[in-house]
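Working through the structure, step by step
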Amino acid sequence: MLAIYAILREVLKTLDILIHPLCPFTSEYLYQTVFEGKKSILLDKWPQYQEILVNEEIEESFDIMKDVVSISSAARMKEKLKRRWPLNEALICVSKGQKQKLESLSSLLMSQLNVEKFTIFEIEKEQGLEQILELKQLGLPFRSVVELERKRIGPKAKQHMVKLVNAFSETNKDEIITSLQEKGQYNYEIDGEKISLDKEDFIVDFDASEEFAVSKRDNYIVFVSTSRNKEMMARGLIKDIARRLQTLRKERGYNPTDILSVASILDLDDESLEMIKEKSEELAFLVRVKQVNFTESCKEYKDDDIDGQKIRISVE
């Protein structure tokens, strides 16, 4: 912990010196009140580039993790799953050579994704049929999305366009994928005329299967599970309420290190109340109070809500 504080101090002090030409009065004030050093920021040395402190491999690992976490958040948003809600698992696809770099940050990645477990896969294909086949080989939870490339099939379909589109809408998309994989084409027979469509005549993509959400960007794909058991829901609820109680502590002027007597939560529904009672000690630790109760025991309460559920909270 002391190492973290020392690094943070050095970083902030360096930034303070660097911004001095842009905001001299503010940076001077911060320098004199926060950092022990020279009498004036003008007497300190200008920061020098230190190549020995640069680790490009670690920087790349963090860049990959940042992108993966961002894409995971996008997948959560599709199913309206808040980032602070724990989920069961994440399935992450990265490019060749990136798996080991991402695994080097496993503990931090799991925390940032807020999942119980994750699995990393390396893939080569970036889009289209080839990517679908690779995802299928890896056993990832997706369903194929296939559409006709209207501009390309026009000359082939001619006067049969409407009937071809109707026939396509009734065709199992996995059947099309299999035929394209094995034969490189899929055939329709319309009014006795054979119409052969090849790979370029289809737009092939994918979406998540049931109980998963997916998002992709560049060469990254992240699947997150959407099912949540009672334990996960309880942990998410604890984080929700803890955040609101911590905000209330700040609003009422308590110091972060103060250990208060009680946190009181009212008007929870029966299911939420049952879940949170089982974790009241954990909640008390998070908001730095001696106990958590669910009866009207405080002088002043604040109205709040969690996903539309009206509650009242207080800390004293």
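Below: a short report on this structure. (Residues numbered from 1 in each chain as written. Predicted model: local features only at pLDDT ≥ 70, side-chain atom pairs only at ≥ 80, totals over all residues. Heavy atoms only, no water.)

Thoughts on helix 3 (residues 56-78)
Taking 1.5 Å per residue as the helical rise, helix 3 with its 23 residues ought to reach 33 Å, and the 34 Å between its terminal C-alpha atoms agrees with that figure. For helix 3, every residue scored as buried is listed here: S61, I64, M65, V68, V69, I71, S72, S73, A75 and R76. Where helix 3 is buried, its residues contact strand 1 (87-95), helix 4 (99-103), helix 5 (106-113), strand 7 (212-217) and strand 8 (220-225). The N-terminus of helix 3 is capped by N55, whose side-chain oxygen sits 3.2 Å from the backbone nitrogen of E57. (Helix = DSSP H or I, 4+ residues; strand = E, 2+ residues; numbered from the N terminus. Expected span 1.5 Å × (residues − 1). Buried < 20%, exposed > 50% of the residue type's maximum accessible area, 1.4 Å probe, protein only. Contact = heavy atoms within 4.5 Å. Polar contact = N/O pair within 3.5 Å; in protein donor to acceptor, adjacent residues only side chain to side chain.)

Some details on the pattern of salt bridges
Where charged atoms of side chains with opposite charge meet at close range, the side chains can pair. In total, this model carries 17 salt bridges according to the counting rule given. One salt bridge connects D240 with R84, and the closest N-O pair in it is separated by 2.0 Å. With a gap of 156 residues between them, D240 in helix 10 (residues 230-251) and R84 in the loop between helix 3 and strand 1 connect regions that are remote in the sequence. D240 gets classed as buried once you look at its relative accessible area, which sits at 1%. Across the pair R143 and D207 runs a salt bridge, and its minimum N-O distance is 3.3 Å. Highlighted residues: R143 in strand 3 (residues 142-148) and D207 in strand 6 (residues 202-208), separated in sequence by 64 residues. Given the relative accessible area of 29%, D207 is considered partly exposed. (Salt bridge = Lys/Arg side-chain N within 4 Å of Asp/Glu carboxyl O.)

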